[in-house]
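The primary structure of each chain is shown beneath.
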Amino acid sequence: MKIPYLLSLVTWLPALGAVVVLFLFRKEQTGAIKRFATAWFALDFLLSLALLAYDRGAGGFQFLEDGEWIPVIGARYQMGADGVAVLLILLTTLLGWIASLSSWEYIQKREKEYYVLLLLLQTSVLGVFCAGDLFLFFLFFEVSLVPMYFLIGIWGGERRLYAAIKFFLYTLVGSVGLLLGLIKMYFLTQDAALVSAITPATKALVAGNDAARLMLDHSLAAAQQAGTGTFNIMFMQALGSVIPMGTMQVLLFFAFAIGFAIKVPMWPFHTWLPDAHVEAPTAGSVILAGILLKLGTYGFYRFNLPFFPKASIDQSYFWNGAFGVRNVMVVLAIISIIYGALAAMYFVVKRDGDVKKLVAYSSVSSMGVVMLGLFAANPNGLNGAVLHMINHGIYSGALFLLVGIIYERRHTRAVNEFGGLSHVMPGYAAVFLAMAMTAIGLPLLCVFISEFLAMRGAFEANPYWAGWAALGIILNAGYMLWLYQRMFFGNVENPKNEHLPDLKGREWAYMVPLLVMSLWIGVYPKPFIDFIQKPVAALVKHVRPDYPVNPAAPLRAPQTAERRADR
C-alpha cells in the first residue's frame with residue numbers, strides 16, 4: 001500500500017521537527033533536544049524507506065503530487081521522484097540521522113538552534129530531489145544555503161565567518177546565472193512554434209509512465225488556459241529536444257552549468273570547499289560532502305543534459321569546429337580529478353598537513369569522476385556517475401566522521417600529531433582502513449563498481465579521457481595509503497596518544513551502517529543499479545536519439561556502440 005503524499009511527508013517532516021524543537025523545548029533541555037532531534041531524523045529515514053516501493057520496471061517519475069501554487073506565473077506545487085532521486089533521498093535521510101547522532105558530544109553551545117538548523121537543512125535538500133517544478137526546485141536549492149551558512153558561521157572553527165561568507169557568496173553568484181537561465185527556459189515554454197514541435201514520443205520518453213505523462217499534459221494545459229508558461233521539469237526536458245543548437249542553447253547551458261559547477265565543485269570553482277569543510281562542524285562536513293555536493297551533479301543530470309542535449313554532446317562549437325561544449329566539461333572534469341588528488345597528497349607530505357583538508361580535496365577529485373561519467377553520455381558512464389554520487393556520500397561522510405572522532409579526543413587534525421594509532425585504537429583503525437580502501441576503489445567495496453562503470457563509459461567515449469582520469473585514481477590510492485601509514489603504523493611516539501579511548505557505542509552505531517552499505521554495494525550492486533538503469537537509458541536516448549539503447553530493455557550496450565553511433 002502506497003502512502004499518499006509520501007514525498008511531501010518525507011520533505012516537510014524535518015521542518016515540522018524544527019518547529020517542535022523551536023517552540024516546545026527550552027534551551028536548557030539539551031539532552032532532550034538531542035534525543036528528540038535524532039529520533040525525528042530516524043523517523044524521517046524510516047518513512048523514506050517507503051520509497052523502495054518505486055516501480056523499477058515502469059521507470060520515470062513516480063509518487064507524483066500536483067497542486068496549484070502560483071497560477072499567475074504557471075508555477076505549481078509538483079513533486080515526483082525517479083530512481084535516481086529515490087536513492088539520493090534515502091542517502092539524505094540516512095546521513096541526516098547520522099549527522100545528528102554524531103553531534104551529541106561535538107556541539108556544546110546553542111544546541112537548540114543547532115538542531116533546528118540541521119532539521120531545516122534536511123528539508124531544503126530533500127525538496128531539491130523531490131521537486132517536479134523548476135521554480136520549486138530553485139527555491140529549495142537556494143534555501144539550502146541559509147542553514148549551512150549558519151552551521152559553519154556559528155559552530156565552525158577559528159576562521160568560521162570567513163569560510164561561511166565565502167561559501168555563501170560563491171554559491172549565490174552561481175545561482176544568479178541559474179536564475180537567468182531558468183527565466184529564459186520559462187519564456188521558451190510560451191513559444192508556440194517550439195511547443196508544437198515536441199513529438200508525443202518525446203513526451204512519453206521523458207515521462208516514462210502514464211501517470212507522469214498525465215502530469216506533464218495537465219501542466220501544459222493549465223499553462224495554456226491561463227496564458228502563462230510552465231515550470232514543469234518534464235515539459236522543459238521535452239522542450240530541450242527541439243531547442244535548436246546555437247548561441248542561445250550554449251549560453252543557456254553555461255548559465256545552468258556555472259550554478260551547478262560551483263556547487264559540485266569543479267575546478268576552478270572549488271576554492272570555497274576546503275575552507276568550508278575545515279571550519280564546519282563534523283555534522284556540517286558530513287552533510288556538505290555527502291549531500292550538498294550532489295545538488296550540483298544532480299543538477300547536471302536532471303537539467304543540463306536533458307534541457308540542452310545538443311550542447312551537452314557538442315564537440316565542434318568553438319575554435320572553428322575543433323572544440324565543443326562537451327570538451328569543455330570533460331577537460332574541467334579531468335583537471336578536477338588530477339588536481340584534487342595532487343592537492344590531497346600535499347596534505348600528507350606537508351609537515352602539519354590537515355587530515356580534513358585532505359578529505360575535502362579528495363571530494364573535488366571524486367566529483368570529477370562523476371562529471372566525467374555524466375558527459376561520457378552513454379549508459380555505462382551515466383550509471384557509474386549516478387552510483388558514484390551515492391558511494392561518495394557513503395565514504396566521504398564516513399571519513400569526515402572519523403576525522404571528527406579523533407578531533408574530539410585530541411583537538412587537532414595535523415597528520416604529524418599521530419602515529420601508531422592502531423595500537424591504542426584498534427577498532428577505529430579498522431574502520432578507517434575499511435573506508436580508506438573504499439575511497440581507493442578496492443574490489444568488493446562500493447567505489448570500485450561506480451568508478452569502473454564511469455571509467456568504462458569514459459573509455460567508450462574516448463580512451464584518452466579514461467587514460468587521464470586513471471592518473472587521478474592512481475594518485476588517490478597513493479595519498480590514502482600514505483595517510484594511513486603515517487597515522488596508524490609504527491610506534492606511538494606522542495605521549496598524548498598513549499591512552500586515547502577507542503570507538504564508543506554511539507560511534508559504532510553511526511559507523512556500522514556506512515560500513516554495511518559500502519560492502520553491500522561493492523558485493524551486490526544490482527538492487528541499486530536497478531533503480532537508476534531505466535532513467536539513465538531514457539536520458540541517453542533523449543540526449544542521443546541515435547544511440548543504440550532501448551529504454552525498456554536492460555542496458556547491454558557493446559563497448560564499441562558509441563563509436564558506431566558517432567559515425
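Structure: see above.
For every chain, the first residue of the written sequence is number 1, and numbering continues from 1 along that sequence. Selection of residues for local features in this predicted model requires a pLDDT of at least 70, selection of side-chain atom pairs for listing and counting requires 80 or more, and totals for whole chains, interfaces and linings are taken over all residues. Remark: hydrogens and water are excluded; side-chain values derive from all non-hydrogen atoms of the structure.

Before going further, it helps to examine the overall build of the protein chain. Scanning the protein chain from terminus to terminus reveals 25 helices and two strands. Each radius of gyration is computed over the set of C-alpha atoms, and the globule rule expresses the reference value as 2.2 Å times the number of residues to the power 0.38. What you see for the protein chain is a C-alpha radius of gyration of 23 Å, in line with the 24 Å of a compact globule of 567 residues. Along the three orthogonal principal directions, the C-alpha set of the protein chain runs to about 75 × 55 × 45 Å. Sorting the 567 residues of the protein chain into buried and exposed places 63% on the buried side. All accessible areas in this document rest on Shrake-Rupley with a 1.4 Å probe, and a residue is counted as covered only by the protein chains that are shown. Carbon together with sulfur atoms contributes 66% to the accessible area of the protein chain, which is approximately 20500 Å² in total. For the protein chain, the distance from the average position of its 41 positive side-chain charges to the average position of its 33 negative side-chain charges is 2 Å. The numbering of helices and of strands both runs from the N terminus, where a helix is a DSSP run of H or I of at least 4 residues and a strand a run of E of at least 2. Each residue's exposure class comes from its accessible area (1.4 Å probe, protein chains only) as a fraction of the maximum for that residue type: buried when under 20%, exposed when over 50%, partly exposed otherwise. Charge counting treats Lys and Arg as positive and Asp and Glu as negative, with His and both chain ends excluded. Where a charge sits is defined by one atom per residue type, namely NZ (Lys), CZ (Arg), CG (Asp) or CD (Glu).

Next up on the list: the packing of helix α12 (residues 247-263) against helix α14 (residues 282-307). Every axis in this analysis is a line fitted to C-alpha atoms, fitted for helices over the stretch in contact. Angles between the N-to-C directions lie between 0 and 180 degrees. Contact geometry for α12 and α14: axes closest at 7 Å, N-to-C directions at 165°. One finds that α12 runs roughly antiparallel with respect to α14. For α12 against α14, the interelement crossing comes out left-handed. Of α14, the residues touching α12 (which contributes Phe253, Phe256, Ala257, Phe260, Ala261 and Lys263) are Leu292, Leu293, Leu295, Gly296, Gly299, Phe300, Phe303, Asn304 and Phe307. Each angle receives one of four descriptions, namely roughly parallel if under 35 degrees, roughly antiparallel if over 145, roughly perpendicular if within 65 to 115, and oblique otherwise. Whether a crossing is left-handed or right-handed is set by the direction in which the near helix is turned from the far one by less than a right angle, anticlockwise for left-handed and clockwise for right-handed. Note on contacts: a residue pair is in contact if any heavy atoms of the two residues lie within 4.5 Å.

Time to look at the pairing of strand β1 (residues 62-70). Bridge count between β1 and strand β2 (residues 75-81): six bridges; the pairing is antiparallel. Considered in β2, the bridge of Gln62 is made with Ala81. In sequence, β1 turns back onto β2 through a hairpin of four residues, with Gly74 there showing a positive phi of about 80°. One requirement defines pairing of two strands: DSSP has to find at least two bridges between them.

Turning to its location among the elements, Ser285 is positioned in helix α14. By relative accessible area, Ser285 is classed as buried at 0%. With near-sequence residues (within four places) excluded, Ser285 lies in contact with His277, Ala280, Gly290, Lys356 and Phe400.

Taken together, the side chains of Leu444, Trp508, Val512, Val516, Leu519, Trp520, Val523 and Tyr524 define a hydrophobic patch exposed on the protein surface, amounting to about 770 Å² of accessible area. Relative to the helices and strands, Leu519 resides in helix α23 (residues 505-523). According to the relative accessible area criterion, Leu519 is partly exposed, its value standing at 46%. Here, patches come from residues exposed beyond 30% relative accessible area and free of salt bridges, joined within 9 Å for like charges and within 5 Å for nonpolar side chains (Val, Leu, Ile, Met, Phe, Trp, Tyr). The working definition used for a salt bridge is a side-chain nitrogen of Lys or Arg within 4 Å of a carboxyl oxygen of Asp or Glu.

Turning to its location among the elements, Gly174 is positioned in helix α7 (residues 160-188). It is 3.8 Å that separates the C-alpha atoms of Gly174 and Gly259, two residues lying 85 residues apart in sequence. Not counting the four nearest positions on each side in its chain, Gly174 is found in contact with Ile258, Gly259 and Ile262.

It is worth spelling out the packing of α12 against helix α16 (residues 325-349) at this point. It is the contact of α12 with α16, at a shortest axis distance of 11 Å, that shows an interaxial angle of 20°. Looking at the two axes, α12 sits roughly parallel to α16. With respect to the hand of their crossing, α12 and α16 are arranged in right-handed fashion. In contact with Val250, Phe253 and Phe254 of α12, α16 contributes Val325, Val328 and Met329. For this classification, the nonpolar set comprises Ala, Val, Leu, Ile, Met, Phe, Trp, Tyr, Cys and Pro, the charged set comprises Asp, Glu, Lys and Arg, and every other residue, Gly included, is treated as polar. By residue class, the composition of the contact of α12 with α16 is six nonpolar, no polar and no charged.

With that out of the way, let us pick up the environment of Met367. Tracing the chain through its elements places Met367 in helix α17 (residues 355-376). Note on Met367: relative accessible area 0%, which makes it buried. Residue contacts for Met367: discarding those within four places in its chain leaves Val264, Leu293, Lys294, Thr297 and His392.

Okay, unusual backbone geometry next. Here the residue pair Val264 and Pro265 is connected by a cis peptide bond, since its omega of -10° sits within 30 degrees of zero. Structurally, the position occupied by Pro265 is in the loop between α12 and α13 (272-279). For the bond from Trp267 to Pro268, the omega torsion is 5°, close enough to zero to count as cis. Within the secondary structure, Pro268 sits in the loop between α12 and α13. For His411, which is not a glycine, the phi torsion comes out positive at approximately 55°. Inspection of the secondary structure puts His411 in the loop between α18 (379-410) and α19 (421-424). In this structure, Leu444 takes a positive phi of about 80° despite not being glycine. Looking at the secondary structure, you find Leu444 in the loop between α20 (426-440) and α21 (446-461).

The next point concerns α14. A helix is expected to span 1.5 Å for every residue after the first. Its 26 residues give α14 an end-to-end C-alpha distance of 36 Å, which sits within 8% of 38 Å, the value for a rise of 1.5 Å per residue. To get the bend at a given residue, fit one axis to the seven residues ending there, fit another to the seven starting there, and take the angle between those axes. The axis of α14 is deflected most strongly, by about 40°, at Leu288. With 26 of 26 residues buried, α14 is to be regarded as a mostly interior element.

So, about the nonpolar core. We define the nonpolar core as a collection of buried residues of types Ala, Val, Leu, Ile, Met, Phe, Trp, Tyr and Cys that are connected through side-chain atoms lying within 4.5 Å of one another. By size, the foremost hydrophobic cluster in this structure holds 209 residues, and its most contacted members are Leu134, Met185, Phe300 and Leu374. Residue contributions to this core peak at 16 residues, all from α18.

A word on the packing of aromatic side chains. Aromatic pairs are defined between Phe, Tyr and Trp rings, using the six-membered ring for Trp, whenever the two ring centres lie within 6.5 Å; interplanar angles under 30 degrees are classed as stacked, those over 60 as edge-to-face, and all others as tilted. Inspection of the entire model under this criterion finds 44 aromatic pairs. Ring centres 6.0 Å apart and planes at 55° place the aromatic pair Tyr428 and Phe432 in the tilted group. Of this pair, Tyr428 and Phe432 both sit in helix α20, four residues apart, roughly one helical turn. The burial state of Tyr428 is the same as that of Phe432; both residues are buried. Ring centres of Trp520 and Phe528 lie 5.0 Å apart, and the angle between their planes is 75°; this geometry places the pair in the edge-to-face category. Of the residues examined, Phe528 reaches a relative accessible area of 10% and is grouped as buried. Feature note: the residues Phe137, Phe141, Phe253, Phe254, Phe256, Phe260, Phe300, Phe303, Phe307, Phe308 and Phe375 constitute an aromatic cluster, connected by ring pairs. Charges are assigned to positions over rings by a cutoff of 6 Å between ring centre and Lys NZ or Arg CZ, combined with an angular limit of 35 degrees from the ring normal. In this arrangement the basic side chain of Arg56 is found over the ring face of Phe531, its NZ or CZ atom lying 4.7 Å from the centre.

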